[in-house]
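# Summary of the model geometry
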Amino acid sequence: MNVRRRSSAAALAAIAVIGAAAAPAVAADPSPSASASTPSAPSGLYGSTDPQYDGVWRQSLALLAQDTVGVIPSSKAVKWLTDQQCDNGAFAPFRADPAKACDAKTMVDTNNTAAAVQALWAVGGHGDVLEDALGWLKSVQNKDGGWGYSPGGPSDANSTSVVIGALTATRTDPEQVGKDGKSPYDALLTFALPCAEDKGAGAFAFQPDKDGKLLANADATAAGVLGVLGKDLVAEAEKETDAATCADAKKPTREQAATNAAAYLADAVAKDGHLKSALGGSADQPDYGNTADAVVALAAQGGADKAAKPLAWLKKNAAKWAEESGPAAYAQLIFAAHATGTDPRDFGGTDLVELLNATGPAPQGAAASDAATTGDKAADGAEDEQKDDDSPFGVWWFVGVCLVFGIGIGFLLSNRNKKQQP
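Before going into details, it helps to say that this report is about the structure given with it. (Residues numbered from 1 in each chain as written. Predicted model: local features only at pLDDT ≥ 70, side-chain atom pairs only at ≥ 80, totals over all residues. Heavy atoms only, no water.)

What follows concerns the nonpolar core. Counting residues in each nonpolar core, the largest one holds 90 residues, and the members touching the most others are L81, F91, F204, L265, L314, L333 and F335. If you tally residues by element for this core, the top one is helix α12 (residues 327-340), at 10 residues. Those residues in contact with F335 that lie beyond four places of it in its chain are L61, L64, A65, T68, L233, V234 and V296. (Core = buried A, V, L, I, M, F, W, Y, C linked by side-chain atoms within 4.5 Å. Buried < 20%, exposed > 50% of the residue type's maximum accessible area, 1.4 Å probe, protein only. Helix = DSSP H or I, 4+ residues; strand = E, 2+ residues; numbered from the N terminus. Contact = heavy atoms within 4.5 Å.)

Encoded structure:
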């Protein structure tokens, strides 16, 4: 998340409080959209399918995607997520009865916890929730510096990368979070494969197989690129570079490992524009979610132009997949749009933001300019962030003006009511 967006979020949050004080009493949160009103969907949750295995994950990605495009999420949706946390700070995929304390049978995990951290940091506040979640993640770090899906399980590239994203998002240096002298980056680099085609072509492996062998994995590779670069799920495009080429090294640096992995992904999507999945009984079946993740990884490593082909394929083909898959899918496409400076409201003719919002409680509102993911916004970059931070007329000056304005409106309304009384 960039500094400007965090500042804007703070201003919007403060203005929301001011508006609530000055305006007539109304419902604290708009009614859920019609598409989210199915009886089986818990109140506040995005998506209507059974949340047993993905409730926290899809909720986290939905909130994070909304924040990315300047949408202020429903307070009901945010509360749903915070209510899912266990007393020890961890999150499970779904707890049907949040009022019931977690016990040894509650299947908490690092992935849902790390995703929730990124989402709740983005929407602002919730300091205790974040502190407890980060504390739990640090407490279950493995001796190799990484994380497995379940606490105590062997480290894997995906879990380690999503936890690195949580650390980065919360301004925590992953290199300073270690166990037995090993950082998360140390663990992640052990999954980076050599450049030879028969040894992995520069990809990342998920984790060793039952025989201890590392095998190239496209999903782990996309995650690994963001991980070694120290990026969270909402990654910005880097400056355009030359095409990524794989280069072997006895011990690759993080940057070289990312370049090698990007070369692998670029080669994997070169022919058809998408990654393939063996799921469903067909080796040629497209994997939409991994392709979206690959777009983010390619843009984050070498610039938006490196992701042009898979991005074009997603624009043409991913709408039906997202409709069938729900909130997390829309979020993944929004992240891909954000990383490439593409308008998520016109993603191959599809308004991803509107469709995501329709899967759950109606948002509270939107920022004055909620097209923050378009290319011209990204181009403003660090220079504008510095100006915003250095300006004496910053966020709280703006909030102060709004406060005075709100008080004035309240005074006028009060006088008007008095005059109308008999």
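And the narrative resumes.
A few words on the packing of helix α2 (residues 55-68) against helix α3 (residues 75-83). The N-to-C vectors of α2 and α3 enclose an angle of 140 degrees; their axes lie 10 Å apart at closest approach. Classified by the interaxial angle, the pair formed by α2 and α3 is oblique. Crossing of α2 against α3: the hand is left-handed. Taking contact as the criterion, the partners of G55, V56, Q59, S60 and L63 in α2 are, on α3, A77, V78, W80 and L81. Residues that form the contact of α2 with α3 fall into these classes: 6 nonpolar, 3 polar and no charged. (Axes fitted to C-alpha atoms, helices over the stretch in contact; angles between N-to-C directions. Parallel < 35°, antiparallel > 145°, perpendicular 65-115°, else oblique. Left-handed = near helix turned anticlockwise from the far one by under 90°. Nonpolar A, V, L, I, M, F, W, Y, C, P; charged D, E, K, R; others polar.)

Between two cysteines, a covalent bond joining their sulfur atoms is known as a disulfide. Throughout the structure, instances matching the rule amount to 2 disulfides. Between the sulfur atoms of C86 and its disulfide mate C102 the distance is 1.9 Å. Its torsion about the S-S bond being -80 degrees, the disulfide of C86 and C102 is classed as left-handed. Placement of C86 in the loop between α3 and α4 (110-123) and of C102 in the loop between α3 and α4 is noted, with a sequence separation of 16 residues between them. Residue C86 is classed as buried on the basis of its relative accessible area, which comes to 5%. Ordering the disulfide-forming cysteines of the protein chain by sequence position, one finds them joined as 1-2, 3-4. (Disulfide = S-S within 2.5 Å.)

Another point: the side chain of R95. Within the secondary structure layout, R95 lies in the loop between α3 and α4. Nearest to the buried, unbridged R95 among oppositely charged side chains is D87, at 6.6 Å. Among the polar contacts listed, one links the side chain of R95 to the backbone oxygen of K100, at a separation of 2.6 Å. Setting aside chain neighbours within four positions, we find R95 in contact with D83, Q84, Q85, C86, K100, A101 and C102. (Lys, Arg positive; Asp, Glu negative; His and termini not counted. Salt bridge = Lys/Arg side-chain N within 4 Å of Asp/Glu carboxyl O. Polar contact = N/O pair within 3.5 Å; in protein donor to acceptor, adjacent residues only side chain to side chain.)

Before going further, it helps to examine helix α6 (residues 157-169). With 13 residues, α6 extends 18 Å from end C-alpha to end C-alpha; this agrees with the ideal 18 Å at 1.5 Å per step. Among the 13 residues in α6, 12 count as buried, and that is most of the element. If you check which residues of α6 are buried, you get A157, N158, S159, T160, S161, V162, V163, I164, G165, A166, L167 and A169. On its buried face, α6 sits against α2, α4, α5 (127-139), α7 (184-189) and α8 (218-228). A distance of 3.1 Å separates the backbone nitrogen of N158 from a side-chain oxygen at the start of α6, and that oxygen is part of D156. After α6 finishes, the residue R171 shows a positive phi value of roughly 60 degrees. (Expected span 1.5 Å × (residues − 1).)

As a further point, take the pattern of salt bridges. Working definition: two side chains of opposite charge can pair if their charged atoms are close together. Counted according to the given criterion, the structure contains 5 salt bridges. R58 is the salt-bridge partner of D54, the closest N and O atoms lying 2.9 Å from each other. Residue R58 is classed as buried on the basis of its relative accessible area, which comes to 1%. Its salt-bridge partner being D272, residue K276 comes within 3.6 Å of it at the nearest N-O pair. A relative accessible area of 43% means that K276 is categorised as partly exposed. Since its relative accessible area comes to 32%, D272 is described here as partly exposed.

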